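# Chain and residue survey
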Amino acid sequence: MITQTAVPWQTPTWKEELSGAFRSVDDLLQFLELEGTDLAFQSDSTSPFPIRVPISYARRMRKGDPDDPLLRQVLPLQAETLTFPGFVADPLEEARHNPVPGVVHKYEGRVLLITSPACAVHCRYCFRRHFPYEDNTGGKAHWQPALDYIAGDLSVREVILSGGDPLAANDNQLQWLTDQLARIGHIRRLRVHSRFPVVIPSRIDDPCLSWLGGSRLDTIMVLHINHPAEIDSNLRAMVARLKDRNITVLNQAVLLKGVNDSAESLELLSEALFAAGVLPYYLHLLDPVAGASHFDLPVSEALALYRTLSGRLPGYLLPKLVQDVPGKASKTYIV
Ligand SMILES: *Cc1c(COP(=O)(O)O)cnc(C)c1O
Ligand code: SF4
């Protein structure tokens, strides 16, 4: 007699997707049929910022193409080891605006809460690659001083969950956190800055939607998509789940040499975002972080590109071109 154990086919949970992410340059290059290319330097797993790429993101890369714009965002290149004047560990001087652990309060009316130090993907251009996360780790005990700070400042109307990536925290912890925030009378809006929904769209599951879409706060999800090829059917379905819960969905991108530095790809990005139900918010100039100078585009080129783009798109599809300048009261608009 043949007995068959019924093993129901299951899609992996987001935690399984996270733990199954590529953590080796060789494995990723093999998956992409690029083994033997000597583009990359081998960041070993003890590096403070090793390679990390979820499979669902790698599936959106073109196989056999070493210049794939998604691959370029996550592949540690030899160029990262170059030092370049002006490219420093903490370009935004965030360490100076850390009133209590976990809070960055630079702009009036809104504070950034470093909710979780971890990320689903390690973006090579990220200014947080050198951030002192040990002092900013998540969890209730760590969040309490931040909550007290927010409760004590009546001028704060919006709390931005950021990181690392806030969605790397557990939903029960995030439920607790949003409950606490919703109890603070002067807080109106909850904003989440996350790349999780893009690289692991299954992160937006029912437990996540229940805290995200379930509080009295107006809620905004700011995605981080740099290239139109990042938008696929899973991503569109994820955005639809957010919009079902009345969550406003915006996108911020970073202008990156070798990734999206053409008017055509930025135009396609805005079009694809809108078709997916997302409005473009910011297009950031690169922060001058050590190890990322190979992504840098001169401001004059960025402006020329942006002018071309503004001639091709309706105003509501044109992201604001901004730069984060330390000591300023808001992002700096480049026009
Ligand atoms: C970018 C940023 C914000 C958000 O700025 P908005 O213009 O409201 O999007 C808030 N706090 C810090 C520290 C920031 O860097
Ligand atoms: S903070 Fe955002 S940009 Fe930086 S590595 Fe994490 S996901 Fe990427």
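Everything discussed here concerns the structure shown above.
Residues numbered from 1 in each chain as written. Chains lettered and ligands numbered in written order. Predicted model: local features only at pLDDT ≥ 70, side-chain atom pairs only at ≥ 80, totals over all residues. Heavy atoms only, no water.

### Some remarks on the side chain of histidine 193
- Inspection of the secondary structure puts histidine 193 in strand β4 (residues 189-193).
- Overall, the relative accessible area of 16% leaves histidine 193 in the buried class.
- Looking at histidine 193, its side chain comes within polar contact range of the side chain of arginine 191, at 3.1 Å.
- Sequence-distant contacts of histidine 193, defined by excluding residues within four places in its chain, comprise Ile160, Leu161, Ser162, Asp165, Pro166, Val222 and Gln252. (Helix = DSSP H or I, 4+ residues; strand = E, 2+ residues; numbered from the N terminus. Buried < 20%, exposed > 50% of the residue type's maximum accessible area, 1.4 Å probe, protein only. Polar contact = N/O pair within 3.5 Å; in protein donor to acceptor, adjacent residues only side chain to side chain. Contact = heavy atoms within 4.5 Å.)

### Some points on the pattern of salt bridges
- Counted under the stated rule, the structure contains eleven salt bridges.
- For glutamate 158, the salt bridge identified is with arginine 189, shortest N-O distance 3.1 Å. Here glutamate 158, found in strand β3 (residues 158-163), pairs with arginine 189, found in strand β4; they are 31 residues apart in sequence, far enough to count as distant.
- Here glutamate 230 and arginine 195 are joined by a salt bridge, their closest N and O atoms 2.7 Å apart. (Salt bridge = Lys/Arg side-chain N within 4 Å of Asp/Glu carboxyl O.)

### Describing the packing of helix α5 (residues 140-151) against helix α6 (residues 171-182)
- Contact pair α5 / α6: the axes reach a minimum separation of 11 Å and the direction vectors enclose 15°. For the element pair α5 / α6, the angle class is roughly parallel. When the axes of α5 and α6 are compared, the crossing they make is right-handed. Residues Lys140, Trp143, Gln144, Leu147 and Ile150 of α5 form the contact with α6, whose own contacting residues are Gln173, Trp176, Leu177, Gln180 and Leu181.
- Taken together, the residues of the contact of α5 with α6 sort by class into six nonpolar, three polar and one charged. (Axes fitted to C-alpha atoms, helices over the stretch in contact; angles between N-to-C directions. Parallel < 35°, antiparallel > 145°, perpendicular 65-115°, else oblique. Left-handed = near helix turned anticlockwise from the far one by under 90°. Nonpolar A, V, L, I, M, F, W, Y, C, P; charged D, E, K, R; others polar.)

### So, the pairing of strand β6 (residues 248-254)
- Most of β6 sits inside the fold, with six of its seven residues counted as buried.
- Strand direction decides the pairing type here: strand β5 (residues 218-224) and β6, joined by five bridges, are parallel. Following the sheet pairing, valine 222 is matched in β6 by leucine 250.
- For the handedness criterion, the β-α-β arrangement of β5, helix α9 (residues 233-244) and β6 is classed as right-handed.
- Of the pairings in the sheet, the one linking β6 to strand β7 (residues 279-284) comprises five bridges and is parallel in character. The residue bridging glutamine 252 from the neighbouring strand is tyrosine 282, located in β7.
- Where the polypeptide runs from β6 across helix α10 (residues 263-275) and back to β7, its parallel neighbour, the crossover connection is right-handed. (Pairing = 2+ DSSP bridges. Right-handed = clockwise from strand over helix to strand, strands pointing away.)

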